[in-house]
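# Observations on the model geometry
The lines below spell out each chain.
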Amino acid sequence: MRYKSTADYTTAEIRHLILSGELPAGAPIDQIDLAKRLDVSRHPVRQAIERLSERGFIYLNPHRSAVVAEISANDMEELYSARRVVEHWAITSAWPNYTAETRRQIRDLERQLRGINPAQDLDAYMDANRSFHLAMYEPCRNRYILRNIISLFDLSERYQRTALLHEMRIKRSAQDHAEMVEAIERGDCNQLIALLTAHNSGTQATVLDNLHGAPVAAGR
């Protein structure tokens, strides 16, 4: 991938280190180590930290030291509650703008997603999953809502990755995605919204079980 600037490259790489767990929740950010690791100067690292702090991936304390944002049940609940509100609005607004081409695109994206095994290539799966979900919201034609959805969706990726460590969740997610496409094909907006809500609730339930050390349920 080509980046417009070294800061863009550095931001993308540090974000990936956080999402992959190589920089785990609560870990301090060592600017010197990251600069060496990414073969850049400390300036783009500082820029990346500022950007990722604004997006919620990194916490800057009053003394300007940086740590990876924590993962918690409370954070997840707030995050997914916000997603539920804006995504419901986006689907309702996007629905009248769904065309045959929109439906074909969503169907093709679901097929591509289904062809990737997250247990073998989680990064590729997450990219495809992101494209599939965002394609359902884009026809709302409101760039402010879409900007918020993208931000919230990206922040939730750490929770999605945690849930997808479990085989039952992988299977349930695949079934959810197929049912979403079926709802779109049938022209059932209410069912699509219900499926999206249940899908996100299933992710939350799986992560909560993981956080609490309990046996993981398939959920929705």
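Residues numbered from 1 in each chain as written. Predicted model: local features only at pLDDT ≥ 70, side-chain atom pairs only at ≥ 80, totals over all residues. Heavy atoms only, no water.

## Structural notes on the overall build of the chain
Secondary structure assignment for the chain yields ten helices and two strands. For the chain, the succession of helices and strands along the chain, N to C, is α-α-α-β-β-α-α-α-α-α-α-α. Seen along its three principal axes, the alpha-carbon backbone of the chain occupies a region of about 55 × 40 × 30 Å. For the chain, with 220 residues in total, the buried portion stands at 45%. Long-range contacts, defined here as pairs at least 24 residues apart, represent 70% of the contacts in the chain between residues at least 6 apart. As presented, the chain carries roughly 11,600 Å² of accessible surface, and 49% of it is formed by carbon and sulfur atoms. Between the centroid of the 28 positive side chains of the chain and the centroid of its 29 negative side chains there is a distance of 4 Å. (Helix = DSSP H or I, 4+ residues; strand = E, 2+ residues; numbered from the N terminus. Buried < 20%, exposed > 50% of the residue type's maximum accessible area, 1.4 Å probe, protein only. Contact = heavy atoms within 4.5 Å. Areas by Shrake-Rupley, 256 points an atom, 1.4 Å probe, with all protein chains shown as cover. Lys, Arg positive; Asp, Glu negative; His and termini not counted. Charge placed at Lys NZ, Arg CZ, Asp CG, Glu CD.)

## Side note on the confidence of the model for the chain
Confidence in the prediction of the chain, expressed as mean pLDDT, is 92, and 95% of residues score 70 or more. Within the model, the stretch residues 214–220 combines pLDDT values under 50 with 22 contacts to residues more than four positions away or in other chains. (pLDDT = per-residue confidence, 0-100.)

## Points about helix α7 (residues 143–155)
In a regular helix each residue adds 1.5 Å, so 13 residues correspond to 18 Å; α7 covers 18 Å between its end C-alpha atoms and thus fits that length. Ile145, Leu146, Ile149, Leu152, Phe153 and Asp154 are the residues of α7 that are buried. Buried residues along α7 sit against α1 (6–20), α4 (73–94), α6 (122–137) and α8 (157–163). The N-cap of α7, judged by a side-chain oxygen 3.0 Å from the amide nitrogen of Tyr144 a few residues on, is Asn142. (Expected span 1.5 Å × (residues − 1). Polar contact = N/O pair within 3.5 Å; in protein donor to acceptor, adjacent residues only side chain to side chain.)

## Structural notes on the pattern of salt bridges
Inspection of every chain in the model, using the stated rule, returns 17 salt bridges. Put simply, Asp8 and Arg51 hold a salt bridge, and the shortest N to O gap is 2.6 Å. In this pair, Asp8 sits in helix α1 while Arg51 sits in helix α3 (residues 42–55), placing the two residues 43 residues apart along the sequence. Here Asp8 falls in the partly exposed class, since its relative accessible area comes to 24%. Through salt bridges that share partners, Arg15, Asp123, Arg130, Asp154, Glu157 and Arg161 make up one connected network. (Salt bridge = Lys/Arg side-chain N within 4 Å of Asp/Glu carboxyl O.)

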